[in-house]
Amino acid sequence: MQGMIAFAQELYIYTEPASNIPAKALSAKLTATYAEKMDNNIAQRYTPAIYLGLSKNIMLKAAATFADMNTSYFRYESFSLYGKYRFLSKDEAHKHFRMAIFADGSISRSPYRYEEIALMGDKSGAEAGLVATQLIHKLAISGTVSHTQVLDKSRFEKGVDYERPYQAMNYALSAGYLLLPLKYESYQQTNLNLYAELLAQQTLDKKRYYIDLAPAAQLIFNSNTKLNLGYRFQLGGDMTRMARNSFLISLEKTFFEAL
């Protein structure tokens, strides 16, 4: 439980840090995302997820999505499986540096509508990447780079060129700051963390890009329950997207020693 408190500012809203949830812990999370589509309608997506801390170095996540973002009606959308392995950890008093590799796979029912490549609900595919996180007292900074391949059936149709992007590089720079409490006195104290995340994508076959900024706030209750609020909006880009801004709210509960 001490790790949850000391490294709370690493619990980013839109990306994963190099650190994992505690070994033998299980976390249940529900995320709701609301976006204004280009036709001015409000779309919604709900993502229940389960995190498993198999060891201090290995974490797994299984998630599903239910949404109307790519269809005119609400339905089950996708299933994904994510794994992360922390291979480097240099820990000191009040600071550490960690690195991890991760892989993600998704199967989605959504039709291919937009050039943006996102596996959480939008497209079927696979992703692999590297993440590095530096914690110094109350500030945590993390950088992520990954490669995504879309495995939509249209990619494999012979003699047909849809002129769609099917592969992309993804980049993220995330910062988190522990604002409250000013001094720890018990595990029951409420944490307030503030975040800013820069999220970017560059497709490789059909050249398109976007750059987003996502400020967020997080409350941690009793060292095991997180409430996240975030707003993501586009700074620049030239790809077609379902939406250029969205609002996120999520609630996560961690059960220590559950495994």
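Below you will find a few notes about this structure. (Residues numbered from 1 in each chain as written. Predicted model: local features only at pLDDT ≥ 70, side-chain atom pairs only at ≥ 80, totals over all residues. Heavy atoms only, no water.)

### Here's the deal with the packing of aromatic side chains
Just so we agree on the cut-off: Here is the rule: rings of Phe, Tyr and Trp (six-membered ring for Trp) pair when centre to centre is within 6.5 Å. Planes less than 30 degrees apart are stacked, more than 60 are edge-to-face, and the remainder are tilted. Strands are runs of DSSP state E lasting at least 2 residues, helices are runs of H or I lasting at least 4, and numbering of each runs from the N terminus. Accessibility here uses a 1.4 Å probe with only protein chains present; expressed as a share of the type maximum, an area under 20% marks a residue as buried, one over 50% as exposed, and anything in between as partly exposed. The criterion is that NZ of a Lys, or CZ of an Arg, lies within 6 Å of the ring centre and within 35 degrees of the ring normal, and then a charge sits over that ring.
Taken as a whole and assessed by the stated rule, the structure comprises seven aromatic pairs. Centroid distance Tyr112 to Tyr166: 5.8 Å. Interplanar angle 65°. Geometry classified as edge-to-face. Of this pair, Tyr112 sits in the loop between β5 (95-108) and β6 (125-136) while Tyr166 sits in the loop between β7 (139-150) and β8 (167-180), and the two are 54 residues apart along the sequence. Side by side, Tyr112 and Tyr166 carry an identical accessibility label, which is buried. Linked through ring pairs, Tyr34, Tyr46 and Phe74 together constitute an aromatic cluster. Stacked on the ring of Tyr82, the Lys or Arg Lys61 has its end atom at 5.2 Å from the ring centre. It is Lys123 that lies over the ring of Tyr112; its NZ or CZ is 4.4 Å from the centre.

### Comments concerning the nonpolar core
Heads up, the rule is: By nonpolar core we mean a set of buried residues, namely Ala, Val, Leu, Ile, Met, Phe, Trp, Tyr and Cys, connected to one another through side-chain atoms within 4.5 Å. Here, residues are in contact when the closest pair of their heavy atoms is within 4.5 Å.
With eleven residues, the main nonpolar core is built from Ala18, Ile21, Ala25, Ala49, Tyr51, Met59, Ala63, Tyr82, Ala100, Phe102 and Val131. Among the secondary structure elements, those contributing two or more residues to this core are β2 (42-53), β3 (58-67) and β5. If we skip the residues at most four places from it in the chain, Ala100 touches Ala18, Lys84, Tyr85, Arg86, Phe87, Gly129, Leu130 and Val131. The next biggest cluster of nonpolar side chains, apart from the first, holds nine residues, and it includes Tyr12, Leu135, Ala216 and Leu248.

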